[in-house]
Amino acid sequence: MVAVALEFAKLRRRNVWSLCLGAAALCVAWMASDAARAAQGAADGTSALLYMAPIVNSIVMTLFAAVVSSRACEVDHEAQALKELLCLQRAGTVFAAKLACSLVLIAAAVALETVGLDALASYKGFADRPGAVGLAAFAACQIGPAFAVAALVQAVALRWENQFASLAVGLGLSLTGLFSLFFPPAVQRLVPSGYFGLLSCVRMDWDPVARTTSFYSVPFPWGDAALLAAMCAALVAVSAWWFSRKEL
């Protein structure tokens, strides 16, 4: 806990909490534009929002996770501070603290987004508003892929002092995550940001005759959740092992 608190202390001038609020606000505003087109009290209004949210998050939350992870590493690259830090703390502690810092910020942004989604559904009077358990499950399914992105970007950010490399990876994951939604699941599973769509429990059908859309629920994809957890574990383990042997 002390190491995590120190990481947040180093980020106090980096406006990370403003970024957190901004990312959540952008996601909610994006979904609000979709909610505005739904009828007041629509029977499937919340389902439409839950369908759209992973698409939005594959762009916004992926970039947000990349930025906060990069900033957590950049602060120690400046003036070769990482060398001094590793004289006082173990490499594993530093690595875990930075990752935990990113996780806290991601969880805060997703929590704000989830509250905003529920507020939109309440304002529009949608009949299919989920309960606390449903909202918690939705939030967990957004935090997981974002954390995987943060773990990958952190490995890159610790490898190269120039943070352009880590931000380029984040931008690439954002675009890849969005376009992977239009490819088969086998392709999506190769990309951390593709799991925003894979873990969604809402699907859409389009009726070309009536020109209407309908939304329906599917069982939770436990297999994909387990695969994402394994991917996160592998990313963290490999990058932590490499960082512990990094020559500064």
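For the structure, check the block above.
Residues numbered from 1 in each chain as written. Predicted model: local features only at pLDDT ≥ 70, side-chain atom pairs only at ≥ 80, totals over all residues. Heavy atoms only, no water.

Novice: Would you mind showing me how to read the overall build of the protein here?
Specialist: Within the protein, the regular secondary structure consists of 10 helices and 2 strands. N-terminal to C-terminal, the α/β element order of the protein is α-α-α-α-α-α-α-α-α-β-β-α. On C-alpha atoms alone, the protein measures out to a radius of gyration of 19 Å, which is about the 18 Å that the 2.2 N^0.38 rule sets for 248 residues. With the principal axes as the frame, the protein shows a C-alpha extent of 65 × 35 × 30 Å. For the protein, buried positions account for 45% of its 248 residues. Residue pairs in contact within the protein that sit at least 24 positions apart in sequence constitute 76% of those at least 6 positions apart. Summing over all exposed atoms, the protein offers an accessible surface of approximately 12,100 Å²; the carbon and sulfur share of this is 68%. (Helix = DSSP H or I, 4+ residues; strand = E, 2+ residues; numbered from the N terminus. Rg over C-alpha atoms; globule rule 2.2 N^0.38 Å. Buried < 20%, exposed > 50% of the residue type's maximum accessible area, 1.4 Å probe, protein only. Contact = heavy atoms within 4.5 Å. Areas by Shrake-Rupley, 256 points an atom, 1.4 Å probe, with all protein chains shown as cover.)

Novice: Looking at this structure, I do not really get the pattern of salt bridges. What am I missing?
Specialist: Opposite charge on two side chains allows them to pair when their charged atoms are near. Scanning all chains against the criterion turns up 2 salt bridges. The residue D224 makes a salt bridge to R189 at a minimum N-O spacing of 2.6 Å. With a gap of 35 residues between them, D224 in helix α10 (residues 222–244) and R189 in the loop between α8 (185–188) and α9 (195–198) connect regions that are remote in the sequence. Residue classification places D224 among the buried residues on the basis of a relative accessible area of 9%. (Salt bridge = Lys/Arg side-chain N within 4 Å of Asp/Glu carboxyl O.)

Novice: Explain helix α2 (residues 16–35) here, please?
Specialist: An α-helix turns once every 3.6 residues. As a result, residues three or four positions apart point the same way. Its 20 residues place the ends of α2 28 Å apart at the C-alpha level, agreeing with the 28 Å of an ideal helix rising 1.5 Å per residue. Residues V16, C20, A23, A24, C27, V28, M31, D34 and A35 constitute the buried set of α2. All buried residues of α2 fall inside an arc of 120° around its axis, so they share one side. Exposed side of α2, more than 90 degrees from the buried face: S18 and L21 are the residues found there. (Expected span 1.5 Å × (residues − 1). Arc of directions from axis to C-beta.)

Novice: Hey, could you run me through the packing of helix α5 (residues 91–124) against helix α6 (residues 132–159) in this one?
Specialist: Two quantities define a packed helix pair, namely the angle between the helix axes and the distance between the axes. Between α5 and α6, the shortest axis-to-axis distance is 9 Å and the interhelical angle comes to 145°. Here α5 runs over α6; the crossing is right-handed. Together, F95, K98, L99, S102, L103, I106, A107, V110, T114, L117 and D118 of α5 and L135, F138, A139, Q142, I143, A146, F147, A150, A151, Q154 and L158 of α6 make up the contact between the two elements. Grouping the constituent residues of the contact of α5 with α6 by class yields 16 nonpolar, 4 polar and 2 charged. (Axes fitted to C-alpha atoms, helices over the stretch in contact; angles between N-to-C directions. Left-handed = near helix turned anticlockwise from the far one by under 90°. Nonpolar A, V, L, I, M, F, W, Y, C, P; charged D, E, K, R; others polar.)

Novice: Mind showing me how you'd approach the nonpolar core here?
Specialist: Soluble globular proteins: nonpolar side chains tend toward being buried together. Among the nonpolar cores identified, the biggest contains 31 residues, and M61, F64, A65, L105 and I106 are the most heavily contacted of them. With sequence-adjacent residues up to four places away left out, I106 is seen in contact with F64, A65, I143, A146, F147 and A150. Membership of the second largest hydrophobic core comes to 18 residues, among which are A91, Y195, L199 and M231. (Core = buried A, V, L, I, M, F, W, Y, C linked by side-chain atoms within 4.5 Å.)

Novice: What is the right way to read the environment of V133 from this model?
Specialist: Locating V133 in the fold gives a position in helix α6. A relative accessible area of 71% places V133 in the exposed class. A C-alpha to C-alpha distance of 25 Å links V133 and S33, two positions 100 residues apart in sequence.

Novice: I tried to follow the environment of G131 on my own but got confused; where do I start?
Specialist: Within the secondary structure, G131 is located in the loop between α5 and α6. Sequence spacing of G131 and I143 is 12 residues, and the spatial spacing of their C-alpha atoms is 19 Å.

Novice: Whenever I open this one, the environment of D128 confuses me. Can you help?
Specialist: Note that D128 resides in the loop between α5 and α6. For D128, a relative accessible area of 22% corresponds to the partly exposed category. In this structure the C-alpha to C-alpha distance between D128 and A155, which are 27 residues apart in sequence, comes to 41 Å. Once residues within four sequence positions are removed from consideration, D128 is found in contact with A42, A43, D44, G45, T46 and S47. A distance of 2.8 Å separates polar atoms of two side chains, one belonging to D128 and the other to S47. (Polar contact = N/O pair within 3.5 Å; in protein donor to acceptor, adjacent residues only side chain to side chain.)

Novice: Teacher, can you tell me more about the packing of α2 against α5 here?
Specialist: For the pair α2 and α5, interaxial distance at closest approach is 9 Å and the crossing angle is 30°. Relative to α5, α2 is oriented roughly parallel. Between α2 and α5 lies a crossing whose hand is right-handed. Together, V16, W17, C20, L21, A24, C27, V28, M31, A32 and A35 of α2 and V104, L105, A108, A109, L112, E113, G116, L117, L120 and K124 of α5 make up the contact between the two elements. (Parallel < 35°, antiparallel > 145°, perpendicular 65-115°, else oblique.)

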